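What follows is the residue order along each chain.
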Amino acid sequence: MPVEKVNNSSDLDTKVPSCLQLTSIGQLTLTSDPSHRCVKDIVLLANFTISKSPTFLRDKLHPCQLEMDNKDACVYVCPSAIPGPSSSEAKYVYVPLNKLKSKTLVNVYGVVTFFKQPFPSKGSDYCTTLKITDQSDVKVICTIFCKKLEDHPLIFRVGDIIRLHRFKAEAFRDSITLINTFGWSTVTFNGIIDSPIVPRTSSKSFFYGEADKRRVQELRQWAANQSLCSDLNTSLSSVQPHMYFDFTCQLLAKAVMHSGCILLKVWDGTRCQLPLLQVAVPPDELEGECTLAKDKMNLTANVLVYDNHLEVARDLKPGAFLRFYNLRALLQKVPGQLPDQPEHLGFHLHGGTVYGRGLRSLPAETPDLLSLKSVLEKHVDLDEHEEVNDGTLLEIWYTPPESIGAEENAGPAYTVQTCEHNTQRITLAQVKRSTPPLSCHVRARVKKYLPQQLYQCLKLFCSKCKTMKDVPDDSAVANIFLESARDNQPCDEQWAATSSANSREPGRTISMHVSKDMVGKSSHMQLIFIEGMTLDEISVLSRDHKNLVPVRSENSKMTRMDLTAPFLFSGKKRYYGCKQCSRNTFENPVFTGVETWDEQAVAAVLGVQMMQYRFLIQFELDDVTDTIEALLWEDAERFFHISAVDASGCQDLQDRIQTIMDTIQPPESSLEERPWMDFCLSVYTVKDNDRNKVCYQITNTEIVKQ
């Protein structure tokens, strides 16, 4: 096509060849796979500006980029005379996984060896993580970020074949990872040999031809020889207690148990060999068909779904086909069960994505469902319209929502109760229904706690005005010392013996004042008033002196520092006063009659209402029946076996608290992997905007000493 120069963009409509089709920028839509355009198409861009690429040094792509300056920008496309499909093979080059190089954009094929269903990332996107391999036997982790769930790859099982277009290879911890970039696309295929090669993708425009089919067949054969397509799916008839397994089934009915739990009643047409736990739900709260006939025949599995899986569970419709990943089977007791009666098998899909845990709906036409459908067809004559009455309900084992997970609550706990309450343990659901005030015993796991940065859990509390505040950070305290030290002139007090020295900084004088009554005594028995020092300097000096009081000079008279700063340094500990409850000044302090100078005695001499160090942590507790938020503060020192004031100046004690919290909630752990804990809870009410608010506090509870 000849190049013709035009002076104005408006001339393009008359100058460009008639074969070019005008498309405005506003009409362009970005598809996940633009491969429907032929590689031989001719494109003309008008009213674009060439500028330097800000990512050139990082991505090693072209040093320039095109920028759209205004709404008049246009794209002209001349369709190629060459058929699109025949050119697709030349367009895409697929790189073996052992040939990937960092900072390159690549297209790859691979066999899925591990995957997680999309889960919310820390930003606004959902994230999919998977691991793939190919004939090179190299395994590569792929990460996909995308706002829309429906645009994530449709992976149903380990062994699926996936095609990735426009992914960026990055070096990470001595290995190569892949991450999606602009214009990325994925297509997945069933990995079972001889099954139809049907592409799965959310894109409405994509291409795959004979070359793609050959690649899929080659990878299927190779994966089968490597035993990569091992089926983790287990039928209900084969489930054993304490198993983690994948389960393909059909949804019969569903019900919301509470805000943190949804019940899914499912079946796969096979009969469980153990008694199944039944969860009775009022008929008007059940969405879907009645399952009593199937329940009696031990065909219905009651799956309880929690936490991050609730979003998917809410959208499911009865009749849909599902696949659970990493589902857990547990033996559980039912209320009133006699010791010689068998326990019942329950199923739980707890929060988190560990080991790929999750669930998803499967399209009805999926080849994986052929065997399931044939089994289900054998039960079409079951009478699901059997009348529901008291008699039929009593014929099945009934576990109310507040009793679910009883078996999981068995075994040793990580805490002990030290109260004298002789009360029976109740569930969190029952706690929420109780009337305060109340003291009760519960067993639960910690779902999360705040603050996550544990240094923020150390607070200052005034027992007089009940004020609680954060411990000031060092930068704020350092500024107070710096402002006080500038152009400081030593104060002159009749009761004090003073020594002064010039600092290395011009205009700053450092002074130390000691009561004349204390002169000659050991420095450990002295109360030393420090003037003109920085925070760093007084912190160093306090290592060798027990009682250092920072002061400043005002009209040649000694006065306290702003109480945002500590009023006393004692070794590594710092003590703070309450601004609201302390006297404004101190004059003619009396130092006689005090045998031991501790923080209480110093505060009394200075007229300071001393603030106490307290731990304050908010736990979100979960026992399957419900969740509550409970504070730990009045008995927090007993809980940790650590004093708050000691922890304020000791890194080893702070590390010990962090170790305890990492045991309660191990990093990257799921809820079911965390230890059970016995708590004594106080339920009470407080006034909040003229309304009574129910609060919960952990009391009389201690960590078990190891």
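Residues numbered from 1 in each chain as written. Predicted model: local features only at pLDDT ≥ 70, side-chain atom pairs only at ≥ 80, totals over all residues. Heavy atoms only, no water.

**Regarding the overall build of the chain**
Helices and strands together make up the secondary structure of the chain, namely 15 helices and 35 strands. When the 706 residues of the chain are sorted by exposure, 47% land in the buried category. Within the chain, counting contacts between residues at least 6 apart in sequence, those at least 24 apart form 65% of the total. Per element, the accessible surface of the chain, about 36,300 Å² overall, is 51% carbon and sulfur. (Helix = DSSP H or I, 4+ residues; strand = E, 2+ residues; numbered from the N terminus. Buried < 20%, exposed > 50% of the residue type's maximum accessible area, 1.4 Å probe, protein only. Contact = heavy atoms within 4.5 Å. Areas by Shrake-Rupley, 256 points an atom, 1.4 Å probe, with all protein chains shown as cover.)

**What about helix α10 (residues 474–485)?**
Between its first and last C-alpha atoms α10 spans 16 Å; for 12 residues at 1.5 Å apiece the expected length is 16 Å, and the two agree. Where α10 is concerned, the buried positions are V477, F481, S484 and A485. All buried residues of α10 fall inside an arc of 100 degrees around its axis, so they share one side. Close packing links the buried residues of α10 with α11 (535–541), β26 (548–554) and β28 (568–570). (Expected span 1.5 Å × (residues − 1). Arc of directions from axis to C-beta.)

**Considerations on the packing of aromatic side chains**
Enumeration according to the criterion identifies 12 aromatic pairs in this entry. Residues F167 and W184 carry aromatic rings whose centres are separated by 6.3 Å and whose planes lie at 85 degrees to one another, so their mutual orientation is edge-to-face. On the criterion of sequence distance, the pair formed by F167 in strand β10 (residues 161–172) and W184 in strand β11 (residues 175–189) is long-range, its members being 17 residues apart. Taking relative accessible area as the criterion, F167 reaches 0% and is therefore assigned buried. One aromatic cluster is present, formed by F615, F619, F639 and F640 through successive ring pairs. Above the ring of F156, the side-chain terminus of R200 is found at 4.0 Å from the ring centroid. The residue whose ring lies beneath K294 is W267, and the NZ or CZ to ring-centre distance is 4.5 Å. (Phe/Tyr/Trp six-rings, centres within 6.5 Å; stacked < 30°, edge-to-face > 60°. Lys NZ or Arg CZ within 6 Å of the ring centre and 35° of its normal.)

**Some points on the environment of Y455**
Mapped onto the elements, Y455 comes out in the loop between β20 (438–450) and β21 (458–461). When the C-alpha atoms of Y455 and F615 are compared, they prove to be 9.6 Å apart, with 160 residues separating the residues in sequence. Of the polar contacts made by the side chain of Y455, one reaches the side chain of Q456; its length is 3.4 Å. (Polar contact = N/O pair within 3.5 Å; in protein donor to acceptor, adjacent residues only side chain to side chain.)

**Some points on the pattern of salt bridges**
Enumeration over the complete set of coordinates arrives at 23 salt bridges. Where D307 meets K447, a salt bridge forms, and the shortest distance between an N and an O atom there is 2.7 Å. With D307 in the loop between β15 (301–306) and α6 (310–315) and K447 in strand β20, this residue pair connects regions lying 140 residues apart in the sequence. Residue class for K447 comes out partly exposed when judged on its relative accessible area of 24%. For R508, the salt bridge goes to E537, with nearest N and O atoms at 3.0 Å. Placement of R508 in the loop between β23 (496–502) and β24 (509–515) and of E537 in helix α11 is noted, with a sequence separation of 29 residues between them. (Salt bridge = Lys/Arg side-chain N within 4 Å of Asp/Glu carboxyl O.)

**Observations regarding helix α12 (residues 599–606)**
Among all positions in α12, only A601, V602, A603, V605 and L606 are buried. Buried residues along α12 sit against β25 (528–531), β26, β27 (557–560) and β28. Downstream of α12 by a residue or two, G607 has a phi angle that is positive, lying close to 70 degrees.

**Examining the nonpolar core**
Formed by 77 residues in total, the largest nonpolar core has its most connected members in F567, F615, F619, L621, F640 and I664. Within the second largest apolar cluster, 29 residues are counted, among which are L97, F156, L178 and L362. (Core = buried A, V, L, I, M, F, W, Y, C linked by side-chain atoms within 4.5 Å.)

**Some points on the pairing of β25**
Along β25, one buried face is formed by I528 and I530 and the opposite face, lined by F529 and E531, is buried too. Sheet topology places β24 next to β25; four bridges connect them, and they run antiparallel. Note that in β25 the partner of V514 across the bridge is I528. Relative to β26, β25 runs parallel, the two sharing four bridges. (Pairing = 2+ DSSP bridges.)

**Brief notes about the sheet that holds strand β22 (residues 468–470)**
In space, the three strands of this open sheet follow the order β22-β21-β30, with antiparallel pairing throughout. Strand pairing shows two members of the sheet lacking a second neighbour, β22 and β30 (612–615), which therefore form its edges. Looking at each pair of strands side by side, their axes are set apart by 40 degrees on average, direction ignored. As paired strands, β21 and β30 are joined by four bridges and run antiparallel to one another. Counterpart to F461 in the pairing with β30 is Q612. (Axes fitted to C-alpha atoms, helices over the stretch in contact; angles between N-to-C directions.)

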